[in-house]
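Here is what each chain is made of, one letter per residue.
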Amino acid sequence: MEELEIVGQVVGGKTAELLIREKSGKKIELGDLLIAEEEGALLILQVYDLAYGSQVPQSTRELLAGLKLEGYGTELTFLEPELRNYVIAKAKAVARIEGKDVKVPKTLPRFFSYIRYITEKDLEFFTKPPNPVYVGKVRSGSKKLDVDVYLNGVDVFTHHVVIPATTGRGKSNLVKVMLWSILDQPNFGVLILDPHDEYYGRHGKGLKDSPYAKDSLIYYSSTPFPGTNTLIVNLRSILPSHFQGIVEFTDAQLDAIRSYYNRFEDEWIENIVRGTEVDGVAPRTLEVLQRKFYNVLGVYLDDDGNLQCRSKVFSDTAGQTTTKDIVNALEKGKKVIVDTSRLLDQAELLIGSIIVSEIFYRYQIYKSEGKLEDKPVVSIVIEEAPRVLGTDVLASLGENIYSTVAREGRKFKIGLIAITQLISLIPRQILANMNTKIILGNEMAVERKAIIDSAAQDLSEDDRTIASLDRGEAILSSSFTKFAVPVQIPLFEDYIKATIKAEKDKTIFVG
Ligand SMILES: Nc1ncnc2c1ncn2[C@@H]1O[C@H](COP(=O)(O)OP(=O)(O)O)[C@@H](O)[C@H]1O
Ligand SMILES: [Mg+2]
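Here the structure is a predicted model, which is why all the values come from computation and not from measurement. (Residues numbered from 1 in each chain as written. Chains lettered and ligands numbered in written order. Predicted model: local features only at pLDDT ≥ 70, side-chain atom pairs only at ≥ 80, totals over all residues. Heavy atoms only, no water.)

Draft legend 1. Layout of the pattern of salt bridges. Taken as a whole and assessed by the stated rule, the structure comprises 34 salt bridges. Glu-17 is the salt-bridge partner of Lys-90, the closest N and O atoms lying 3.9 Å from each other. Taken as a pair, Lys-90 in strand 5 (residues 85–98) and Glu-17 in strand 2 (residues 17–22) lie far apart in primary sequence, 73 residues in all. Judged by its relative accessible area of 27%, Lys-90 falls in the partly exposed class. A salt bridge links Arg-387 to Asp-345; the shortest N-O distance between them is 3.1 Å. Remark: Asp-345 occurs in helix 10 (residues 345–368) and Arg-387 occurs in helix 11 (residues 386–389); sequence separation between them is 42 residues. (Salt bridge = Lys/Arg side-chain N within 4 Å of Asp/Glu carboxyl O. Helix = DSSP H or I, 4+ residues; strand = E, 2+ residues; numbered from the N terminus. Buried < 20%, exposed > 50% of the residue type's maximum accessible area, 1.4 Å probe, protein only.)

Draft legend 2. Region of the structure containing the site of ligand 1. As a structural note, the neighbourhood of ligand 1 is formed by 13 residues, with Gly-168, Lys-171, Ser-172, Asn-173 and Ile-489 the closest of them. In the environment of ligand 1, an oxygen atom lies 3.4 Å from a nitrogen or oxygen atom belonging to the backbone of Arg-169. Separating an oxygen atom of ligand 1 from a side-chain N or O atom of Ser-172 is a distance of 2.8 Å. Here ligand 1, which alone exposes 550 Å², has 69% of that area covered by the protein. Among the residues making up the shell around ligand 1, the classes are represented as three nonpolar, seven polar and three charged. (Near = heavy atom within 4 Å. Polar contact = N/O pair within 3.5 Å; in protein donor to acceptor, adjacent residues only side chain to side chain. Areas by Shrake-Rupley, 256 points an atom, 1.4 Å probe, with all protein chains shown as cover. Nonpolar A, V, L, I, M, F, W, Y, C, P; charged D, E, K, R; others polar.)

Draft legend 3. Representation of the layout of surface pockets in the model. In this structure, the largest pocket encloses a volume near 630 Å³. Along the walls of the largest pocket sit 25 residues, with Tyr-150, Trp-180, Ser-181, Tyr-495 and Thr-499 positioned nearest its centre. Among the elements of the structure, strand 8 (132–140), strand 9 (143–152), helix 4 (171–182) and helix 17 (492–510) are those that each provide at least two residues to the lining of the largest pocket. The residue inventory of the lining of the largest pocket, partitioned by class, reads 13 nonpolar, five polar and seven charged. (1 Å grid on protein atoms, 1.4 Å probe; cavity = no way out; pocket = protein on both sides within 12 Å on 5 of 7 lines; lining within 4 Å. Points joined across faces, edges and corners; volume = space filled by probe spheres on them.)

Draft legend 4. Local environment of the side chain of Glu-348. Its place among the elements puts Glu-348 in helix 10. Look at Glu-348 and you get buried, because its relative accessible area is 2%. The residues touching Glu-348, leaving out its near neighbours within four places in the chain, are Leu-193, Asp-194, Pro-195, Thr-340, Leu-343, Arg-387 and Tyr-402. (Contact = heavy atoms within 4.5 Å.)

Draft legend 5. Structural view of the packing of aromatic side chains. Under the counting rule described, the total for this entry stands at 20 aromatic pairs. On the basis of an interplanar angle of 75° and a centroid distance of 5.7 Å, the ring pair of Trp-268 and Phe-293 is categorised as edge-to-face. Taken together, the residues span a long stretch of sequence, with Trp-268 in helix 7 (residues 268–274) and Phe-293 in helix 8 (residues 283–297) at a distance of 25 residues. Take Trp-268: its relative accessible area is 0%, and that puts it in the buried class. Pairwise contacts between aromatic rings join Phe-243, Phe-249, Tyr-261, Trp-268 and Phe-293 into one cluster. Positioned above the aromatic ring of Tyr-86, the side-chain terminus of Arg-21 is 3.8 Å from the ring centre. Directly above the aromatic system of Tyr-294 lies the positively charged group of Arg-310, at a separation of 4.4 Å from the ring centroid. (Phe/Tyr/Trp six-rings, centres within 6.5 Å; stacked < 30°, edge-to-face > 60°. Lys NZ or Arg CZ within 6 Å of the ring centre and 35° of its normal.)

Draft legend 6. Main features of the sheet that holds strand 19 (residues 377–382). Pairing is mixed in the open sheet, where twelve strands are placed in the order 9-8-23-22-21-10-20-19-11-18-12-13. The strands lining the two open edges of the sheet, one partner per strand, are strand 9 and strand 13 (229–230). In the sheet, strand 22 (residues 473–478) pairs with strand 23 (residues 485–488) via four bridges, with the strands oriented antiparallel. Bridge assignment links Glu-473 to a residue of strand 23, and that residue is Gln-488. The strands touched by helix 4 within the sheet are strand 8, strand 10 (161–164), strand 11 (188–194), strand 18 (335–339), strand 19, strand 20 (414–420) and strand 21 (436–439), with strand 8 carrying the most contacts at an inclination of about 130°. Against the sheet, helix 13 (residues 401–408) makes contact with strand 11, strand 19 and strand 20, and its axis sits at roughly 115° relative to strand 20, the strand it touches most. (Pairing = 2+ DSSP bridges. Axes fitted to C-alpha atoms, helices over the stretch in contact; angles between N-to-C directions.)

Draft legend 7. How the structure looks around helix 13. Counting buried residues in helix 13 gives six out of eight residues, a clear majority hidden from the surface. Of the residues making up helix 13, those classed as buried are Ile-401, Tyr-402, Ser-403, Thr-404, Val-405 and Ala-406. By the N-cap criterion, in which a side-chain oxygen at the helix start approaches the backbone nitrogen of a residue two or three places on, helix 13 is capped by Asn-400, the distance to Tyr-402 being 2.9 Å.

Draft legend 8. Just the packing of helix 10 against helix 13, in detail. At a minimum axis separation of 9 Å, helix 10 and helix 13 run at an interaxial angle of 45°. Our classification of the angle between helix 10 and helix 13 gives oblique. Across from Glu-348, Leu-349, Gly-352, Ser-353, Val-356, Ser-357 and Phe-360 in helix 10, the residues of helix 13 making contact are Ile-401, Tyr-402, Thr-404, Val-405 and Glu-408. (Parallel < 35°, antiparallel > 145°, perpendicular 65-115°, else oblique.)

Take a look at the structure:
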């Protein structure tokens, strides 16, 4: 057996604060995973703080530095400096491995235990689950280990995923990697509302480059290109309830909407836009509604009395089957990207609302008929999630379909993948329901606090670690992992090159 490098020794501390003296010449890093070996078990420790230790009084150290700096003797040094001055790492035990069992550690390592770096072999308990969703490789500090981290998508997606991080830390990249890894799996339907048009790969690499894209990826855009679909939503597929919690209406406006809906059914919006008079609706209210529909949907009457739409996305004639087609595809386990980059916020959320309401409705029925088991999990990727899950938004506009999914979706195999820079805006109670958090770097203390407070594991010592996470470095905290796993997410472009190559090699081998 190869000799494992000793990097330090336990010299004191307590449960969540083990003190490890670093061996001279070693460089223990913030976030490093270390191992203390026990009889029949391994204890995984994680470093969360570093400090100097010295046997020499501070005043003597200061004096010596002064002598050197001021040129009184550049040769001056301590006797046996590696013995007298050193680094003390603070670490916590995160897991106890006994064979294939991973447990929450309940004991301290032996006093004066030798400590070594973790190796791939220590992590053999990371196996590929069914319905695997790829997240990245286990990371020790900033060192990547060759150990893949997969989550069981059926568990994880139904219990919601939150991805909190400051802009530019790699949220979108992570979601692309995860989606790429499940594109061939019919057990998941995923709706991706894509306000930056970055997932399909219109310019550069994207999900379209997967060998499975042809069969399982569908792209809708208001500016489609050959082989893709035009995003046109027929006004008749919009119900008054789809606006719930997304667009604010006064009571008078809601009454008016009800009157139009009762009288014209699915032609209610057209008739409002056309200005058809209805008893009991004040002209002033009608006017306000027309202006609202113009602002949100961009629909108006042109001089010839034809209904027009600024963004061309809403129509009174075309697009009758769009939302049904999307829901059917999701129900077959396909991944559907809706490019909403040319839409205003509310229009994007409304289109999502139509689709998600329909899938929610259908899945409720399947459940009552006992047919839900055969259906794929449906997950919805939403950027800037506080737009629909924010405490303020919910207080002023009331619940919307996204918050309903966050609260109750699990029962119906529907989940959210919520991306946000500002997790602190989401109510705790909703966050507590979102069982997997993939935490990327964050420089905002308030956000880190909200992340730590709602995590599945105790991350109270990890504030500094989260602040120092580099691009693509993450902490995976989930009720489906035994401990908060530090991961290195690959750059999407590199990851797909590797998987495409692996796929090719496999084909050659089989053929
Ligand atoms: N895992 C990663 N490894 C290396 N670089 C990354 C990684 N994730 C993201 N990046 C780089 O950072 C940039 C921003 O990433 P992005 O996913 O768009 O961040 P966000 O969505 O959080 O704003 C990417 O264009 C890419 O160049
Ligand atoms: Mg992004």
